[in-house]
Amino acid sequence: MKSIGTQLFSVSAGKHAAPMPRFERVLARELRLQETWFRDAIFENPQLVIAPCQEAGRIAAEEIWLPWRVEANFGSGPIDVLLVSSYGRIGIVETKLSYNPQKRREVVAQVLDYALSLQDADREDLPPLPDSPHAPEESDLADALQSGKFLLIIAGDALDPRALRLSQALLARHLTSEWDLAMIDLNVYRENDTDDLLVVPELLGTVLAEVRQVVRVKVEGQNPKAKVEVEHINETAAAVRRGSSLASAADFMSEVERRAPAVIDEVKRIVSLFGAESEAANIRLGFKTSTANLYWIAPSGNERRFLSINVEGRVRVHFDYLEGEDRADLASQLEALCSASFNPRGNGQSAERKVDRNNIESLLSFIREACNLMRAG
């Protein structure tokens, strides 16, 4: 049930208030507004969803949130709006309207899936920080990405507040992730006899992350006087990084079979080639929650990811991440190598192509050429 009235009133500040209804609440369906309208409004001014959280004390008043990117995709589909705060926290905003119904579980699960994919990303997968004096330090952003300091927001014109109970249950499965979730109704009011609109944000509720302490208990000896040590573990350490890597290619392929069964044979061939190419001294194969990756070990000792394939069968070439190394032209050479058959992504940081049975041979050939380029002295 709504806790906000269907009308907004104009009143006089004089002796007699004489309230008169001036605005009537309407649904997006009646105005033929699309989710993209709400998406663009939030990107234009994030305070639409941030201000009610700050007013309720769920976000620090001094934490400034900036628009970062629309339709950013980290492997689980496009995120409607990506935000970043002056503290380095990352905001994921999903818009859902009353006339585009989804089951509560689907809506909540979708935004959690986005968070999982984002947490598995590396810094080079993210856009450049906004050009703003309030943009965070790179170190703060890296810490937020590693430890999962995300603000998840579901925004719409008539959300179901019962989804908060489901959110609590689903978030409980991710005890080592510092995810907060907020549900914001963007109530739209139309002025009587005009087309002028007002948007009144309403915080339906939040689910705040419960920070858990992790300890390791060491028992030395088996007698009643055995020595017992309790070691407190720093959850933000790399050893328990929130976006933990997968253990093997088998885990990765199991996820491919679930998410993209139509291309599982093609993905398997690419992962097999990744393994063969990683036998070179300066190339390493690594797996994450949603990607298999090839890393170039630079002369400086840094590992630079240059190729990856995700569980949906998208092959990505990462050339911007190579800049700044001893071989200064390497990024441009890799970019030129993939320019004919890959689609550029983001702000020129990478390029992407989805595998299928028709292009698998050309993709395998490209991977060999890319690896040869990385090995070239």
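Residues numbered from 1 in each chain as written. Predicted model: local features only at pLDDT ≥ 70, side-chain atom pairs only at ≥ 80, totals over all residues. Heavy atoms only, no water.

Draft legend 1. A look at the overall build of the chain. The helix and strand tally for the chain stands at 10 helices and 16 strands. Within the chain, the fraction of its 377 residues that count as buried is 45%. Contacts in the chain between residues at least 24 apart in sequence constitute 61% of all its contacts with a sequence separation of at least 6. For the chain, the exposed area adds up to about 19,000 Å²; of that, 49% sits on carbon and sulfur atoms. (Helix = DSSP H or I, 4+ residues; strand = E, 2+ residues; numbered from the N terminus. Buried < 20%, exposed > 50% of the residue type's maximum accessible area, 1.4 Å probe, protein only. Contact = heavy atoms within 4.5 Å. Areas by Shrake-Rupley, 256 points an atom, 1.4 Å probe, with all protein chains shown as cover.)

Draft legend 2. Layout of the packing of helix 8 (residues 264-277) against helix 10 (residues 360-375). At a minimum axis separation of 11 Å, helix 8 and helix 10 run at an interaxial angle of 20°. In terms of their interaxial angle, helix 8 and helix 10 are classed as roughly parallel. The hand of the helix 8/helix 10 crossing is right-handed. Residues Glu 266, Arg 269, Ile 270, Leu 273, Phe 274 and Glu 277 of helix 8 form the contact with helix 10, whose participating residues are Ile 360, Glu 361, Leu 364, Ile 367, Arg 368, Cys 371 and Arg 375. Of the residues contributing to the contact of helix 8 with helix 10, the split by class is 7 nonpolar, no polar and 6 charged. (Axes fitted to C-alpha atoms, helices over the stretch in contact; angles between N-to-C directions. Parallel < 35°, antiparallel > 145°, perpendicular 65-115°, else oblique. Left-handed = near helix turned anticlockwise from the far one by under 90°. Nonpolar A, V, L, I, M, F, W, Y, C, P; charged D, E, K, R; others polar.)

Draft legend 3. Quick peek at the side chain of Glu 277. Secondary-structure assignment places Glu 277 in helix 8. Residue class for Glu 277 comes out buried when judged on its relative accessible area of 10%.

Draft legend 4. Highlighting the pattern of salt bridges. Per the counting criterion, the structure on display carries 17 salt bridges. Among the ionic pairs, Arg 22 bridges to Glu 191, the shortest N-O distance being 2.7 Å. Taken together, the positions of Arg 22 in strand 2 (residues 20-26) and Glu 191 in strand 7 (residues 179-191) put the pair 169 residues apart, joining distant regions of the chain. Exposure remark for Arg 22: the relative accessible area of 40% places this residue in the partly exposed category. Since its relative accessible area comes to 13%, Glu 191 is described here as buried. (Salt bridge = Lys/Arg side-chain N within 4 Å of Asp/Glu carboxyl O.)

Draft legend 5. Examining helix 5 (residues 138-147) more closely. Buried within helix 5 we find Leu 141, Ala 144, Leu 145 and Ser 147. In the segment just after helix 5, Gly 148 is the residue with positive phi, at about 75°.

Draft legend 6. Geometry of the packing of aromatic side chains. One pass over the structure, following the stated rule, counts 3 aromatic pairs. Each ring, one from Trp 37 and one from Phe 38, has its centre 5.0 Å from the other, and the planes form 75°; the classification is edge-to-face. Here the basic side chain of Arg 284 rests over the ring of Tyr 295, its NZ or CZ set 4.6 Å away from the ring centre. (Phe/Tyr/Trp six-rings, centres within 6.5 Å; stacked < 30°, edge-to-face > 60°. Lys NZ or Arg CZ within 6 Å of the ring centre and 35° of its normal.)

Draft legend 7. Highlighting the nonpolar core. Ranked by size, the top nonpolar core spans 42 residues in total, and within it Phe 252, Val 267, Ile 270, Phe 306, Leu 307 and Ile 309 carry the most contacts. What Ile 309 contacts, discounting residues up to four positions off in sequence, is Phe 252, Val 267, Ile 270, Val 271, Phe 274, Ser 290, Thr 291, Ala 292, Arg 314 and Val 315. Core analysis: the next-biggest nonpolar cluster, separate from the first, contains 27 residues, Ile 79, Ile 90, Val 111 and Trp 179 among them. (Core = buried A, V, L, I, M, F, W, Y, C linked by side-chain atoms within 4.5 Å.)

Draft legend 8. Expanded view of the pairing of strand 2. Inspection of the sheet shows strand 1 (residues 7-10) paired to strand 2 by 4 bridges, in the antiparallel sense. Counterpart to Ser 10 in the pairing with strand 2 is Met 20. Pairing between strand 2 and strand 7: 4 bridges, direction antiparallel. Counted as the bridge partner of Val 26 is Val 188 from strand 7. (Pairing = 2+ DSSP bridges.)

Draft legend 9. Structural detail: unusual backbone geometry. Backbone geometry at Ala 18 places phi at a positive 45°, although glycine is not the residue there. Considering the arrangement of structural elements, one finds Ala 18 in the loop between strand 1 and strand 2. According to the relative accessible area criterion, Ala 18 is exposed, its value standing at 52%. The backbone of Arg 32 shows a phi angle near 60°, a positive value even though the residue is not glycine. Exposure remark for Arg 32: the relative accessible area of 74% places this residue in the exposed category.

Draft legend 10. Spatial organisation of the confidence of the model for the chain. Averaged over every residue, the pLDDT of the chain is 79; the share at 70 or more is 77%. Across the chain, the secondary-structure element scoring lowest on mean pLDDT is strand 10 (residues 227-233), at 49, and the one scoring highest is helix 8, at 96. A low-confidence stretch, residues 172-176 stays under pLDDT 50, and its non-local contacts, those more than four residues away or across chains, total 9 contacts. Below pLDDT 50 for its whole length, residues 210-216 participates in 18 contacts with residues either more than four positions away or in separate chains. (pLDDT = per-residue confidence, 0-100.)

Draft legend 11. The environment of Thr 95, seen in detail. Within the secondary structure, Thr 95 sits in strand 5 (residues 90-95). Between the C-alpha atom of Thr 95 and that of Asp 80, which follows or precedes it by 15 residues, the distance is 6.8 Å. When neighbours within four sequence positions are excluded, Thr 95 is seen to be in contact with Glu 35, Phe 38, Arg 39, Ile 42, Asp 80 and Ala 155.

Draft legend 12. Structural detail: the side chain of Ser 85. For Ser 85, the location among the structural elements is in strand 4 (residues 78-85). A polar contact of 2.7 Å, which involves the side chain of Ser 85, links it to the side chain of Glu 63. When near neighbours in sequence (up to four residues on either side) are disregarded, Ser 85 contacts Glu 63, Ile 64, Trp 65 and Pro 136. (Polar contact = N/O pair within 3.5 Å; in protein donor to acceptor, adjacent residues only side chain to side chain.)

Draft legend 13. Quick peek at helix 9 (residues 330-338). Those residues of helix 9 that fall on the buried side of the exposure criterion are Leu 330, Ala 331, Leu 334 and Cys 338. For helix 9, the buried positions fall inside an angular range of 100° around the axis, keeping them on one side. (Arc of directions from axis to C-beta.)

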